[in-house]
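In case you want the letters, here they are:
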Amino acid sequence: MRQLQKIRQYQRLYQHFGAEPKPTTIAEVAEVALCSERHARTLLRQLAQSGWLSWNAQPGRGHRAILHCLTTTSELSAPLMHACLEKGDYQSALQLADGDPASLHHIITPFLGGKWLKHQPTLRIPWYRPLTSLHPALQRRRAEQHIICAVHAGLTRYMPGQPHPVPDLAHHWEFNEDKRRWRFYLRSGAHWHNGQAISDEDILIALQQVLADPARNAGLTHVCRALLIAPWCLEIQLTIPDAMLAHRLAHHVCRLPHPQQPDIGAGPFAIAHHHSHYLRLERQPWYFAAHPLLHAIEFWRTRTEAQKPAWITVGKGQNAQAAVTSTSGGFAWLMVNARLPEPLAAWLRQEIQSMTHQQFLHRDDLETQTEILPGLTPPQYPQASEAMLPATLSLVCYHTPELCELADILRARLKKHSCNVTVKWKDREEWHGHNALDQADLLLGDYLAGELPGFALVEWFFDEPAWATALGEDTWQEEKQKLMGYCESEETLNNHLPSFFRSLLESGACTPLFHYRYRLNTLENVQDIVLTASGWLDFTRAWLPPAQDRTTSAS
């Protein structure tokens with residue numbers, strides 16, 4: 001776009017020379033505008049004819065001319081930004097904003113929410129940070145996990161509101177009497193997003209990649225063999241009975257990207273564009289199940305990390321309404337290193353629980369009365385006597401605003417007791433790094449719930465490395481084996497889960513602190529908002545009413 005290039009060059013001149021008349025040379029203009037001296041003369045003539053600047057050259061070799069920028073860059077770029085956004089060209093608009101999404105915020109706002117773009121229903125979601133890798137093995141953040149489930153298919157999948165997994169790449173499955181041999185009958189005729197047919201070998205190789213990856217196989221260590229026993233029939237053999245295998249395979253880490261091209265999936269939406277400030281998903285024409293009603297989902301970065309909103313908003317803030325709310329089954333938690341003396345651990349638990357209640361009691365987006373399973377609330381611990389504090393304590397904390405706030409309060413409070421708390425903030429990837437938590441005295445983290453509350457807790461217990469710190473590695477492995485033994489039937493698991501986790505809570509190994517309250521704000525024109533367990537809307541169900549004026553390419 002020539003106009004975009006012209007404005008970008010003027011922006012460079014304005015940033016360098018400012019709004020006051022400045023002496024300069026053609027050579028300097030060419031250097032600032034990143035062009036040749038010959039083109040710099042042409043550019044200056046064009047900008048002067050447009051009335052954007054004045055250029056008064058002096059006769060004689062070596063004499064300096066006077067350049068005067070007459071208009072601000074925002075006056076020039078705002079109309080073009082608006083035109084770019086009307087066409088859905090977020091990248092060009094961001095270039096005009098010098099890569100700063102915050103400066104685009106007031107212009108972007110009218111284009112958010114449900115819109116018809118070139119007669120196609122498009123949902124645009126404002127976001128506050130870059131959306132990183134969408135490979136199942138590399139993501140532990142809530143938004144990316146939800147997008148992964150929209151892009152990649154698995155053998156099974158969850159649907160919001162349904163307690164059991166439904167077919168995906170497997171159209172149905174069965175297991176033998178002792179639940180050690182499962183057969184998944186695969187869907188033929190499916191395609192990857194690039195149009196390539198999905199073979200049964202592709203599915204087997206993708207599953208073997210899951211089983212070989214320590215970042216993805218925590219709940220599948222009892223799988224001893226996966227093989228094709230006939231065309232389109234995949235058999236999984238287990239070392240112990242497991243009635244919950246179809247549930248495990250519905251987890252986002254068990255989604256199956258293309259074996260050689262991990263950005264390509266087979267889910268309802270394909271990745272059309274993925275940049276640090278912009279992500280566009282488009283309805284996949286090759287999808288084997290019911291097609292979504294939305295044509296595209298776009299994430300536009302309009303804020304910074306420091307401006308993270310309390311609620312997910314889809315649409316214009318001033319016109320948005322609270323569409324759906326829910327309280328997460330997940331929770332923020334405290335764990336104490338097993339090596340700490342029990343009197344000290346008990347006092348710290350009590351102190352942090354009290355701080356949490358005082359700090360977050362009146363927050364609209366948090367709930368301090370926790371219940372990790374229906375009817376299972378944290379026990380009332382006896383009043384702990386003040387313990388002798390060490391000179392230092394180390395705290396490892398998930399890098400979330402609420403937990404960082406709590407960590408800062410704890411550090412300030414214990415400093416008054418002559419105890420210095422060293423805090424290390426880790427994102428979810430660093431948290432799961434090798435030996436990342438071994439030396440921590442205290443751990444503040446959070447658990448993201450899944451569609452089936454009880455079984456989601458089981459998966460978390462298997463996958464969360466903080467349990468090794470809170471229980472000791474040997475005890476954690478023993479408890480995992482006990483929990484796996486309960487999975488011989490769904491009934492047995494449901495009967496034993498409450499007592500299993502009640503014992504962990506009563507021992508003080510884990511102390512729940514608060515739940516997150518999810519709320520999705522949206523415009524009236526986005527229909528059928530169904531929240532998942534993680535607080536996101538189900539992309540496959542949402543739709544827009546017909547556009548009022550089909551003669552325009554965008555509204």
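Per chain, residue numbering runs from 1 following the sequence as it is written. Where totals are concerned, whole chains, interfaces and linings use all residues; where local detail is concerned, this predicted model gives features only for residues with pLDDT of at least 70, and gives and counts side-chain atom pairs only at 80 or more. Hydrogens and water are ignored here; the side-chain numbers use all heavy atoms of the structure.

Chemist: Looking at this structure, how should I read empty space enclosed by the protein?
Modeler: In this approach, a probe sized like a water molecule rolls over the atoms, and the result shows the empty space that is left. Whether a set of points on the 1 Å grid over the protein atoms alone is a cavity depends on a 1.4 Å probe fitting there but being unable to get out, while an open set qualifies as a pocket with protein on both sides within 12 Å along at least five of seven lines; lining residues are those with an atom within 4 Å of a point. Grid points are joined across faces, edges and corners, and a volume is the space filled by probe spheres set on the points. Inspection of the entire model under this criterion finds two cavities of 30 Å³ or more. By volume, the second largest cavity amounts to about 40 Å³. Forming the boundary of the second largest cavity are Trp127, Arg129, Leu131, His275, Ser276, His277, Tyr278, Leu279, Phe299, Trp300 and Arg301. Going through the elements one at a time, strand E13 (278-283) and strand E14 (296-301) are the ones with two or more residues in the lining of the second largest cavity. Elements are defined by DSSP. Helices are runs of H or I of four residues or more, strands are runs of E of two residues or more, and each kind is numbered from the N terminus. Examining the composition of the lining of the second largest cavity, we find that three residues originate from one element, E14, more than from any other. The classification used treats Ala, Val, Leu, Ile, Met, Phe, Trp, Tyr, Cys and Pro as nonpolar, Asp, Glu, Lys and Arg as charged, and all other residues, Gly among them, as polar. Partitioning the lining of the second largest cavity into residue classes produces six nonpolar, three polar and two charged.

Chemist: How should the environment of serine 276 be read in this particular structure?
Modeler: Tracing the backbone through its elements, the reader meets serine 276 in the loop between strand E12 (269-275) and E13. Linking serine 276 and leucine 131, residues 145 residues apart in sequence, is a C-alpha distance of 6.5 Å. Whether two residues are in contact is decided by their heavy atoms, any of which lying within 4.5 Å being enough. Setting aside anything within four residues of it in sequence, one finds serine 276 in contact with Pro130, Leu131 and Arg301.

Chemist: Is there a simple way to explain the pairing of strand E20 (residues 420-426) in this structure?
Modeler: Across a regular strand the side chains alternate sides, sitting on one face of the sheet and then on the other. Paired strands, in this sense, are two strands between which DSSP finds at least two bridges. One ladder, built from seven bridges, connects strand E19 (residues 392-398) with E20; its direction is parallel. Pairing of serine 394 across the sheet is with threonine 422, part of E20. The parallel pair E19 and E20, bridged by helix H11 (residues 401-415), forms a crossover whose chirality is right-handed. Crossovers are marked right-handed if the path from the first strand over the helix to the second runs clockwise, as seen with the strands pointing away from the viewer.

Chemist: Looking at this structure, I do not really get the UniProt feature "domain: Solute-binding protein family" (unreviewed entry) in the protein chain. What am I missing?
Modeler: UniProt positions are given in the numbering used here, feature names are shortened, and annotations may be inferred rather than shown by experiment. Mapped onto this numbering, the UniProt entry annotates "domain: Solute-binding protein family" (unreviewed entry) at residues 165-300. What you have in residues 165-300 is 12% helix and 34% strand, and the ends, taken at the C-alpha atoms, are 31 Å apart.

Chemist: Can you help me understand the packing of aromatic side chains in this one?
Modeler: The description of an aromatic ring pair uses the distance of the two centres, along with the angle that the planes make with each other. Under the pairing criterion, centres of Phe, Tyr and Trp rings, with the six-membered ring standing for Trp, must be within 6.5 Å; the plane angle then separates stacked pairs below 30 degrees from edge-to-face pairs above 60, leaving the rest tilted. Evaluation of the coordinates by the stated rule reveals 26 aromatic pairs. Judged by centre distance (6.4 Å) and plane angle (70 degrees), the rings of phenylalanine 299 and phenylalanine 539 are edge-to-face. Taken together, the residues span a long stretch of sequence, with phenylalanine 299 in strand E14 and phenylalanine 539 in the segment after strand E22 (511-522) at a distance of 240 residues. Buried residues are those whose accessible area, probed at 1.4 Å on protein chains only, stays under 20% of the maximum for their type, while exposed residues exceed 50% and partly exposed ones sit between those limits. You can call phenylalanine 539 buried: its relative accessible area is 2%. Between the aromatic rings of phenylalanine 331 and tryptophan 460, the centroid separation amounts to 5.6 Å while the plane-to-plane angle is 85 degrees, which identifies the pairing as edge-to-face. Within this pair, whereas phenylalanine 331 is found in strand E17 (residues 331-336), its partner tryptophan 460 is found in helix H13 (residues 453-463), the two being separated by 129 residues in sequence. Taken individually, phenylalanine 331 and tryptophan 460 each receive the classification buried, so the pair is uniform in this respect. When the NZ atom of lysine or the CZ atom of arginine is within 6 Å of a ring's centre and also within 35 degrees of its normal, the charge is said to sit over that ring. The side chain of arginine 349 reaches across the aromatic face of tyrosine 381, ending 5.8 Å from its centre. A cation sits over an aromatic face here: lysine 480 above tryptophan 476, 3.8 Å from the ring centre.

Chemist: Looking at this structure, I do not really get the side chain of aspartate 200. What am I missing?
Modeler: Mapped onto the fold, aspartate 200 is located in helix H8 (residues 200-212). Only four residue types enter the tally: Lys and Arg on the positive side, Asp and Glu on the negative side; His and the chain ends are excluded. For this analysis, a salt bridge means a side-chain nitrogen from Lys or Arg found within 4 Å of a carboxyl oxygen belonging to Asp or Glu. One buried charged residue, aspartate 200, forms no salt bridge at all, with the nearest opposite charge on arginine 183 at 14 Å.

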